[in-house]
Amino acid sequence: MTAAVPGASSLLSLSGVRKSFGSRRETNVVLRSIDLEVASGECVVLIGASGSGKSTLLRCINLLETVDDGIITLDGVEITDPGVAVDRIRGRIGIVFQAYNLFPHLSVIDNITLAPTRVHKVPVAAARRRAMEMLERVGLPDKATARPDDLSGGQQQRVAIARALVNDPAVMLLDEVTSALDPELVGEVLDLLAELRSEGMTMIINTHEMSFASRIADRICFLHGGEIHEQGTPAEILQAPRRERTRQFLSRLA
Ligand code: ADP
Ligand code: MG
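Residues numbered from 1 in each chain as written. Chains lettered and ligands numbered in written order. Predicted model: local features only at pLDDT ≥ 70, side-chain atom pairs only at ≥ 80, totals over all residues.

- The protein has the name Amino acid ABC transporter ATP-binding protein, PAAT family in an unreviewed UniProt entry, where Microlunatus soli is given as its organism.

Now the structure itself:
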């Protein structure tokens, strides 16, 4: 792409992203104007009150929502272009949600190979080999033939992460992936994310876990009023926030 494309030097770039829901008469503007640059290997954590648009932002990046305005580029290619091949782009962007979203009637390995074989036309044998590699990576190689119901919540989330990793995505989006877990199961999932980060995975993570954010984030962005209200290193945002709204948000968590 040409140098004129905004954010061409970032892996992922959002410029003036706007998203609202509702009718013309009653519009809920959720993302007013989001500018965000994410470098390769960077781990960005999004924080903000419930309803501040964190999930919507990740869904826009994964093209699960259509933006009203603005541009998102991945590797310099505009993915918000209406002519883009959505499935191919989604293959480059892994996403994991709060509730595990595994198909209960499929084995663990079939959950992982479903999209590669059906959507991306990967031959079954190759998809299964790759799925086993990913199960090794998340520490669950012995669970390949298990059903999701036979796994703990933490193990199910690790499978969901394996499934998101299977296409070797350029970026991983993680939306409150520990919020639905019993407290004793949170650690194994957070440890896995920390491991991915140390391997250089580019990630955007929505979380309420400030101690985790502080441990894993290169940068924390505080969402408020449909914008990134304040951003900085974990020390800057969590220990010395400059703006009143950020201080209020953090003090309510304490
Ligand atoms: P967060 O993840 O920060 O809690 P969300 O992105 O889930 O915030 O939601 C932001 C706002 O967008 C909320 O007011 C929510 O009700 C609204 N919203 C999200 N998705 C939809 C949708 N599909 N239809 C209508 N409103 C939505
Ligand atoms: Mg959310």
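Text resumes after the structure shown.
Structural notes on the site of ligand 1
Right, so step 1: Surrounding ligand 1, one finds Phe21, Asn28, Val30, Gly48, Ser50, Gly51, Ser52, Gly53, Lys54, Ser55 and Thr56.
Right, so step 2: Those elements that place two or more of their residues in the shell around ligand 1 are strand 2 (27–38) and helix 1 (54–61).
Right, so step 3: At three residues, the largest contribution of residues to the shell around ligand 1 is made by helix 1.
Right, so step 4: Looking at the shell around ligand 1 residue by residue, the classes come out as two nonpolar, eight polar and one charged. (Near = placed C-beta within 6 Å. Helix = DSSP H or I, 4+ residues; strand = E, 2+ residues; numbered from the N terminus. Nonpolar A, V, L, I, M, F, W, Y, C, P; charged D, E, K, R; others polar.)

A short note on the packing of helix 3 (residues 108–118) against helix 4 (residues 124–137)
Right, so step 1: As a packed pair, helix 3 and helix 4 sit with axes 9 Å apart at the nearest point and diverge in direction by 130 degrees. One element, helix 3, and the other, helix 4, form an angle in the oblique class. As for the relative orientation of helix 3 and helix 4, their crossing is right-handed in sense. Contact with helix 3, carried on its side by Ile109, Ile112, Thr113, Pro116 and Thr117, involves Val124, Ala127, Arg128, Arg130, Ala131 and Met134 of helix 4 and no other residues of that element. (Axes fitted to C-alpha atoms, helices over the stretch in contact; angles between N-to-C directions. Parallel < 35°, antiparallel > 145°, perpendicular 65-115°, else oblique. Left-handed = near helix turned anticlockwise from the far one by under 90°. Contact = placed C-beta atoms within 7 Å.)

Some thoughts on the confidence of the model for the protein
Right, so step 1: Mean pLDDT over the protein stands at 94; residues scoring 70 or higher make up 96%.
Right, so step 2: Taken together, the chains of this predicted complex give a pTM of 0.94 and an interface ipTM of 0.98. (pLDDT = per-residue confidence, 0-100.)

Quick look at the pairing of strand 1 (residues 12–22)
Every regular strand shows the same layout, with side chains that alternate between the two sheet faces.
Right, so step 1: Here strand 1 pairs with strand 2 via eight bridges, running antiparallel. Residue serine 13 lies in a different strand from strand 2, and its bridge partner there is glutamate 37.
Right, so step 2: Hairpin geometry of strand 1 and strand 2 is characterised by an intervening segment of four residues between the two adjacent antiparallel strands.
Right, so step 3: Strand direction decides the pairing type here: strand 1 and strand 4 (residues 69–74), joined by five bridges, are antiparallel. Residue pairing across strands places serine 15 opposite isoleucine 71, the latter belonging to strand 4. (Pairing = 2+ DSSP bridges.)

Focus on the environment of isoleucine 204
Right, so step 1: For isoleucine 204, the position within the fold is in strand 8 (residues 203–206).
Right, so step 2: C-alpha of isoleucine 204 to C-alpha of arginine 219: the two residues are 15 residues apart in sequence and 9.8 Å apart in space.
Right, so step 3: Ignoring anything within four residues of it in the chain, the contact list for isoleucine 204 reads Val38, Val44, Leu46, Leu58, Val171 and Leu173.

Thoughts on the sheet that holds strand 6 (residues 93–96)
Strand pairing in a sheet relies on backbone hydrogen bonds. The paired strands run either parallel or antiparallel.
Right, so step 1: Read across the sheet, six strands follow the order 6-7-8-3-9-10 without closing on themselves; strand pairing throughout is mixed. Of all the strands in the sheet, the pair left with one neighbour each is strand 6 and strand 10 (227–232). Across this sheet, the average inter-strand angle for adjacent strands is 20 degrees, counted without regard to direction.
Right, so step 2: Relative to strand 7 (residues 171–175), strand 6 runs parallel, the two being bridged by four bridges. Residue glycine 94 lies in a different strand from strand 7, and its bridge partner there is methionine 172.

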